[in-house]
Amino acid sequence: MVRITRMLAVGMVAAPLLAACATIAPSEQPVSVTGSITYRERMALPPTAQVEVTLADVSLMDAPSKTIAQQSFTADGRQVPFAFSLTVDERKLDPRGRYSVSARITDASGKLMFITDTHNGVSFDSRPRVDMGTLVMVRTR
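Reading guide: rules and limits
Residues numbered from 1 in each chain as written. Predicted model: local features only at pLDDT ≥ 70, side-chain atom pairs only at ≥ 80, totals over all residues. Heavy atoms only, no water. Helix = DSSP H or I, 4+ residues; strand = E, 2+ residues; numbered from the N terminus. Buried < 20%, exposed > 50% of the residue type's maximum accessible area, 1.4 Å probe, protein only. Contact = heavy atoms within 4.5 Å. Areas by Shrake-Rupley, 256 points an atom, 1.4 Å probe, with all protein chains shown as cover. Salt bridge = Lys/Arg side-chain N within 4 Å of Asp/Glu carboxyl O. Core = buried A, V, L, I, M, F, W, Y, C linked by side-chain atoms within 4.5 Å. Polar contact = N/O pair within 3.5 Å; in protein donor to acceptor, adjacent residues only side chain to side chain.

K.L.:
Explanation requested: the overall build of the protein chain in the structure shown.
P.N.:
For the protein chain, the helix and strand inventory stands at one helix and eight strands. Of all 141 residues assigned to the protein chain, the portion counted as buried reaches 29%. Considering only contacts within the protein chain whose residues lie at least 6 apart along the sequence, 65% involve residues at least 24 apart. In the form shown here, the protein chain has an accessible surface area of approximately 9600 Å², with 56% of it arising from carbon and sulfur atoms.

K.L.:
Can you help me understand the pattern of salt bridges in this one?
P.N.:
Side-chain pairs of opposite charge can arise where the charged atoms are in close proximity. On inspection of all chains with the given rule, the structure shows three salt bridges. Here Arg96 ties to Asp94 by a salt bridge, and the two come within 3.1 Å at their closest N and O atoms. On the basis of relative accessibility, which here comes to 30%, the residue Asp94 falls in the partly exposed class. The partner of Arg127 in a salt bridge is Asp125, with the nearest N and O atoms 2.7 Å apart. Arg127 sits in the partly exposed class, given a relative accessible area of 38%.

K.L.:
Got a minute to help me understand unusual backbone geometry in this structure?
P.N.:
Peptide bonds are mostly trans, and most non-glycine residues show a negative phi. Omega for the bond connecting Val80 with Pro81 falls within 30 degrees of zero, at 5°, which places this linkage in the cis form. One can find Pro81 in the loop between strand 3 (66-74) and strand 4 (82-89). Notably, Asp62 is not glycine yet its phi reads approximately 60°, a positive angle. On the secondary structure map, Asp62 appears in the loop between strand 2 (50-57) and strand 3. Residue Asp62 is classed as exposed on the basis of its relative accessible area of 87%. Positioned with a positive phi, Ser126 is a non-glycine residue whose angle comes to about 65°.

K.L.:
How should I be thinking about the nonpolar core in this particular structure?
P.N.:
Soluble globular proteins tend to pack their nonpolar side chains together in the buried interior. By size, the foremost hydrophobic cluster in this structure holds 29 residues, and its most contacted members are Ile37, Leu55, Phe84, Val101 and Ile105. Elements supplying a minimum of two residues to this core: strand 1 (30-39), strand 2, strand 3, strand 4, strand 5 (99-106), strand 6 (112-115) and strand 8 (129-139).

K.L.:
It is not clear to me how the side chain of Ser100 should be interpreted in this structure. Could you clarify?
P.N.:
For Ser100, the position within the fold is in strand 5. There is a polar contact of 3.5 Å between the side chain of Ser100 and the side chain of His119. When near neighbours in sequence (up to four residues on either side) are disregarded, Ser100 contacts Thr54, Leu55, Ala56, Val58, His119, Asn120, Gly121 and Val122.

This is the structure:
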């Protein structure tokens, strides 16, 4: 009887440890957030315009957002729409977090020309690719 009790006690201690070993680690696959940016105004960008698209963690209120991924490039004479692709390691994402994509275009001196003015939320639900569609920016004055 004592022997059976000991075996049960050892089994109860070992079972959670073995279960922990069998737990699947979070996926190490990168997640890609894609889409394009544009604006409605009929005007050409200067060739030196700087384009920046950012994926940020906006979970905390009254605190600055935390940049998760960013893509920056010079227009080099190209015009909107601009395609973007942001890649993020899924391990950096908190399933309870709120994430948003924003975009901005500045001239060569850094003066803001266009920016997204709405929240463009991203839902990560274990898909390897999230397509944001077309994000529309507004002109600044």
